[in-house]
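Below are the chains, spelled out letter by letter.
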Amino acid sequence: MKPIDDFPPSMKGGPATIRGNRATIILFEGSPLVEGNEVGPPADEWPAIGVESGEGWIIRGNVVTGSTSSAGAILETLGAGSGSIADNTLVGNDVGISIASTSTVEGNTITEGKVGITVASEGSPSLIGNTVEGLERVGISIGPWSDPVLIGNRSCNNGKDIQIFGTRELTIDDSNEICVLPADE
């Protein structure tokens, strides 16, 4: 993702509500509510929805399609602060949600892409009640040195349902449904 300094002035600022729009890209810093938008497909290098910095931001109830950004269709950059990514529908994106802090990722549905949710190194988000299905590569990918908590997620019928690269502490209790296909299928 390009640095926030490269964003046009209209994409910088504090509290705002971005609701009910059709857009190719929504990028922000601050603490807005980004809700009920249809976003995509953005240009390759940009996320569909991206947060650079801020506290208390909310990305909720959006539909994001066709992002080919390797950074993520919904991207929270390292150092972005805490917020909430909830109840979004992501379809056909190369990477669905990329998270790098202590934010909450809850109730999202991710299908028909390559990678569902990635937790960056040193991120410690709460992943709660997300459904990740039918992805080509990985449903949920957890980076090294991250400390996520997974509660009530469903990751099934993906190339790999979960991929873990060494973590400090990882809590995956039996409320999660992580499906694994038999080796002969």
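First, a word on what this report is: a plain description of the structure on this page. (Residues numbered from 1 in each chain as written. Predicted model: local features only at pLDDT ≥ 70, side-chain atom pairs only at ≥ 80, totals over all residues. Heavy atoms only, no water.)

1. As for the overall build of the chain
Phase 1: Counting secondary structure elements, the chain contains zero helices and 23 strands.
Phase 2: Taken across its 185 residues, the chain has 42% of its residues classed as buried.
Phase 3: For the chain, restricting intrachain contacts to residue pairs at least 6 apart in sequence, the fraction spanning at least 24 positions comes to 36%.
Phase 4: Total accessible area on the chain stands at roughly 8,200 Å², and carbon and sulfur atoms take up 50% of it. (Helix = DSSP H or I, 4+ residues; strand = E, 2+ residues; numbered from the N terminus. Buried < 20%, exposed > 50% of the residue type's maximum accessible area, 1.4 Å probe, protein only. Contact = heavy atoms within 4.5 Å. Areas by Shrake-Rupley, 256 points an atom, 1.4 Å probe, with all protein chains shown as cover.)

2. Describing the pattern of salt bridges
Phase 1: Under the counting rule described, the total for this entry stands at six salt bridges.
Phase 2: Here Glu177 and Arg154 are joined by a salt bridge, their closest N and O atoms 3.1 Å apart. Taken as a pair, Glu177 in strand 23 (residues 177-178) and Arg154 in strand 20 (residues 154-156) lie far apart in primary sequence, 23 residues in all.
Phase 3: By relative accessible area, Glu177 is classed as partly exposed at 38%.
Phase 4: Taken together, the shared-partner salt bridges in this structure form one network comprising Arg19, Glu35 and Arg60. (Salt bridge = Lys/Arg side-chain N within 4 Å of Asp/Glu carboxyl O.)

3. Some words on the sheet that holds strand 12 (residues 95-99)
Phase 1: Ordered by their spatial adjacency, seven strands build an open sheet running 3-6-9-12-15-18-21, and the pairing between neighbours is parallel. The open sheet has two edge strands with one neighbour each: strand 3 (26-28) and strand 21 (160-164). The average angle at which neighbouring strand axes cross in this sheet is 10 degrees, direction not considered. (Pairing = 2+ DSSP bridges. Axes fitted to C-alpha atoms, helices over the stretch in contact; angles between N-to-C directions.)

4. Some details on the environment of Gly92
Phase 1: With respect to the helices and strands, Gly92 occurs in the loop between strand 11 (89-91) and strand 12.
Phase 2: Through-space distance from the C-alpha of Gly92 to that of Lys114 is 7.7 Å; in sequence the pair is 22 residues apart.
Phase 3: Residues in contact with Gly92, not counting those within four places in the same chain, are Gly66, Ser67, Thr111, Glu112 and Gly113.

5. Brief notes about the environment of Ser175
Phase 1: Topologically, Ser175 is positioned in the loop between strand 22 (171-172) and strand 23.
Phase 2: A relative accessible area of 37% places Ser175 in the partly exposed class.
Phase 3: When the C-alpha positions of Ser175 and Arg154 are compared, they lie 9.0 Å apart, and in sequence the two are 21 residues distant.
Phase 4: Leaving out residues up to four positions away in the same chain, Ser175 has contacts with Ile151, Gly152 and Asn153.
Phase 5: Looking at Ser175, its side chain comes within polar contact range of the side chain of Asp173, at 2.3 Å. (Polar contact = N/O pair within 3.5 Å; in protein donor to acceptor, adjacent residues only side chain to side chain.)

6. Points about the side chain of Ser141
Phase 1: Among the secondary structure elements, Ser141 is positioned in strand 18 (residues 138-142).
Phase 2: Setting aside chain neighbours within four positions, we find Ser141 in contact with Ile117, Thr118, Val119, Gln163 and Phe165.

7. Structural notes on unusual backbone geometry
Phase 1: Cis geometry marks the peptide bond from Gly40 to Pro41; its omega dihedral reads -15 degrees.
Phase 2: Residue position: Pro41 is located in the loop between strand 5 (38-39) and strand 6 (49-51).
Phase 3: Backbone geometry places Asp87, a non-glycine residue, at a positive phi of 55 degrees.
Phase 4: With respect to the secondary-structure elements, Asp87 resides in the loop between strand 10 (83-86) and strand 11.
Phase 5: Given a relative accessible area of 46%, Asp87 falls into the partly exposed group.
Phase 6: Positive phi, normally seen in glycine, also occurs at Glu112, with a value near 55 degrees.
Phase 7: Relative to the elements of secondary structure, Glu112 occurs in the loop between strand 14 (109-111) and strand 15 (115-119).

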